[in-house]
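# A structural walkthrough
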Amino acid sequence: MSVNDDLSALFATFAALLQIKGESVFKAIAFQKVSRLLGETSVDLRKAAAEGSLAEMEGIGDSSRKIIEDYLANGKSADFDSVAASVPAGLLPMLEIPGLGPKTIALLWKERNIQSAEELSKAIDAGKLDGVKGIGEKKIDQIKQGIALRAASKGRMGIVQALAVAEELLARVRKLPGVEKAEIAGSLRRRRETIGDVDLIAALKDENGGEAVAKHFTQFPQVERVLGQGKTKASILTTSGLQVDLRLVPMAHLGAALQYFTGSKEHNVRLRSLANDQGMTLNEWGLYRVSDYDKSEKKTGEAPAVKPVASKNEAEIYSALGLQTPDPLLREDRGEITAAADGKLPKLIELADIRGDLHSHTVASDGSDTILAMAEAARDRGYQFLAITDHSKSQVIANGLDAKRLLAHVKEIHKIGAQIKGITLLAGCEVDILSDGQMDFENEILAELDIVIASPHVALRQDQEKATQRLLRAIENPYVNVIGHPTGRLIHQREGLPLDFGPIFKAAAESGTAMEINAAYPRLDLNDVHARAAIAAGVKLSINTDAHSTGGLGAMIFGIEVARRAWAGSVDVINCLGVSELKSLVRRKRPR
DNA sequence: GCCGTTTTCGGCCCGACTGTTTTCAGTCG
C-alpha cells in the first residue's frame, strides 16, 4: 500500500466514524470526497505536502490538509485517532450489512451496547432488541436478512464474470413479452473492474405492464433468492452470488433512467448541481424546468405530470445541459463534465483501432497452442501483426526458455512468419525483470529479438523504493520496449508492487518505453487511473492480452475498456501503429 | 468540512421504498 492508499483509507474510515457519531453528514461527505480524491490522484502526496501544494487540490481544505500533514510527519493522525478511540472498531464493518445504516448502528450501540455484527446476531436470537424505540419486528427481520445476505453475496465480483451473468439475464429480459428494450446500467456499464451489483433497465411496452415483467424476472432459473418485487423494480440474488436489480420504466423515460442508473453517483451529483444552476432539475424521470416541475403533481412510481425538457435518450439530456455526451466509461466525475462543457471530450480508442497483440505465449513455454495456431487466430481477428513472447529462463514453473531454446524459437517464429500470409509475426520474449531490475537475459541475446516485453513476476512484495528502482532500471535498458503488467497485481488476490509512478512514467516517456495495459483478468494492469496518469506524462501504452491460447486473444476488449476509462485515444497506444512504425520504434531505442 | 462570476455564511442532488409512524426518519442507489 502506498501512502496515498493509506491516507485514502484513513479518510474513508474517518467519514464512517463521523456518520456513526452522528456528526454533520456534510462533514462525512467531505471526507468521503477527500478519500476518493487521494485514492485516484497520481500526485505523490509526500511531494505535494513538501511543496505546499496540497491545498491546491479541489476538495482538500484546511482540516484535511492538516490531517494529511500530520500523518506524513508522524505516521498517524491525532484528529483521526481521537475520533476512532471514541467508537468501537466493530461498528464499522456493520455498515456493510444491507438495510443497516449509521443511525441504526449508533442506536443499537447506545441502547443495547452492541459493538459488532456478531453481537448483533446474538442479540437478535436472544430477543434482546425488543423494546428499542424505532425498531419493530419487521426491522429486526430486515436486519437478520441483511446479515444473511452479506454472507451469501460474495462481495464485489470481477467484471468478466459479472458481465457474463448480466448478459445472460439481459438476453432473457429482452425476450419477455412486455419488454420493448433493455440495457445494462450501473457500474457494469461503466466497466469498473469489480462490480457490487448489476443494474438492468427495461422499457415497458405498456406502462402498466411492470408487475408481470417483474414476476417473470424473479422466476428465471438463475435466481437463488428474490430480494424484492414490485411494479417498478425487482431484485434478485443469482446462484452465482450476484445481486441483480431490474428497473422498469415507460419507454418515454428510458434515457433518463439509463442516465440516472449508470451514474456514477458522483457524476450524477455534479450533473444535477449543474442542472440547478441552469434553473432545471434532473431526476430518474427526466430533466425538467424547475418552474414547471414545482407545479406538477407527483405520484410515487409514476412520471411527473409535466413535460420534461429531455427524457427519451441520454444525448438529449446532456445536450439540454449544454454538454457533449460523455461515454459511459468516463462517467466517474474525473473531469468529464468540465470537458464536456468545453466540447473537449477525447476521441476514445476502439477495438477496431487495434492492429495487433504484442504479448502472447505458445506451447514453447506455458501456452497451450502452437505458433501457427496463434498466428492464424490473430489473423482471423483482422490483426496485421502478432508478437510471440514466451517466458524467459527464470520462469521455471512456466517452462521458461533458456538462451539456446529462445534463439531456436526465434528462428522458428521467423520461419513460420515467412510462410504465413496476411500477418506479420514478431519474435519476442516476455523477459523477467529480476528483483534488482536486471533482465533475465544478456543484452546480446535481447538484441536478437524483434520486440521485448519486460515483466515483474517474482519479489512482488518489495517496498516502494526498491520496486521503483527495479522498474526504472528495466525501463532504461535499450532493448526493453514494453513493461508488462507493471505492478503484478491480481484483483482480489494480490496487491502488487507499490510503485512511485511519477519517476517511472517520466523515464518511460523519455526513453520511449511503453507501459502495458494487460487485458487479461484478473490483471488489468496498469489500471485506469494509472494509465491515465501515464498518458498525461507523455507515455505510450501497449494493450495486450498475454494470451496463453488462441481464445485468450479475445480478452483485448477488456484492455480497450481500461484504456477508454483512462481517456486514451488511438494515438496513445502503440498497438495502433503499423508494422514498420512499430519496428522503427524498437530501432530508435537501441544503440546504433 | 468545503466552497464562492449572485455568497466568507449558508448552502450542499434526488426520488423510491420501508418501517414506524400519524407526518417522518433512515437507507439505498
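Residues numbered from 1 in each chain as written. Chains lettered and ligands numbered in written order. Predicted model: local features only at pLDDT ≥ 70, side-chain atom pairs only at ≥ 80, totals over all residues. Heavy atoms only, no water.

What follows concerns the nonpolar core. Judged by nonpolar contacts, the single largest core of 100 residues is most densely connected at Leu200 and Leu541. Ranked by residue count, the leading element in this core is helix α10 (residues 159-175), at 8 residues. Formed by 44 residues, the second largest nonpolar core is a distinct cluster that contains Ile20, Leu72, Ala106 and Ala117. (Core = buried A, V, L, I, M, F, W, Y, C linked by side-chain atoms within 4.5 Å. Buried < 20%, exposed > 50% of the residue type's maximum accessible area, 1.4 Å probe, protein only. Helix = DSSP H or I, 4+ residues; strand = E, 2+ residues; numbered from the N terminus.)

Let us look at the layout of surface pockets. Taken as a whole, the second largest pocket holds about 310 Å³ of empty space. Glu207, Asn208, Pro250, Gly301 and Glu302 are, among the 16 residues lining the second largest pocket, the residues nearest its centre. Of all the secondary-structure elements, those providing two or more residues to the lining of the second largest pocket are α12 (210-218) and β7 (243-250). The biggest single contributor to the lining of the second largest pocket is β7, with 3 residues. Of the residues belonging to the lining of the second largest pocket, the class tally is 6 nonpolar, 6 polar and 4 charged. (1 Å grid on protein atoms, 1.4 Å probe; cavity = no way out; pocket = protein on both sides within 12 Å on 5 of 7 lines; lining within 4 Å. Points joined across faces, edges and corners; volume = space filled by probe spheres on them. Nonpolar A, V, L, I, M, F, W, Y, C, P; charged D, E, K, R; others polar.)

A word on the packing of aromatic side chains. Within a pair of aromatic rings, the relevant descriptors are the distance that separates the centres and the angle that separates the planes. Overall, the coordinates contain 7 aromatic pairs when judged by the stated rule. Ring geometry for Phe11 versus Phe31: centroids 5.3 Å apart, planes at 80 degrees, classification edge-to-face. Residue Phe11 is located in helix α1 (residues 3-21), and its partner Phe31 is located in helix α2 (residues 25-40); the two are separated by 20 residues in the primary sequence. For the residue pair Phe11 and Phe31, the accessibility class agrees, reading buried in each case. Ring geometry for Tyr260 versus Phe261: centroids 4.8 Å apart, planes at 80 degrees, classification edge-to-face. When its relative accessible area of 26% is taken as the criterion, Tyr260 is described as partly exposed. Taken together, the ring pairs in this structure connect Phe11, Phe14, Phe31 and Phe80 into an aromatic cluster. Between Arg172 and the ring centre of Phe220, over which it is positioned, the NZ or CZ distance is 5.6 Å. Between Arg532 and the ring centre of Trp567, over which it is positioned, the NZ or CZ distance is 3.9 Å. (Phe/Tyr/Trp six-rings, centres within 6.5 Å; stacked < 30°, edge-to-face > 60°. Lys NZ or Arg CZ within 6 Å of the ring centre and 35° of its normal.)

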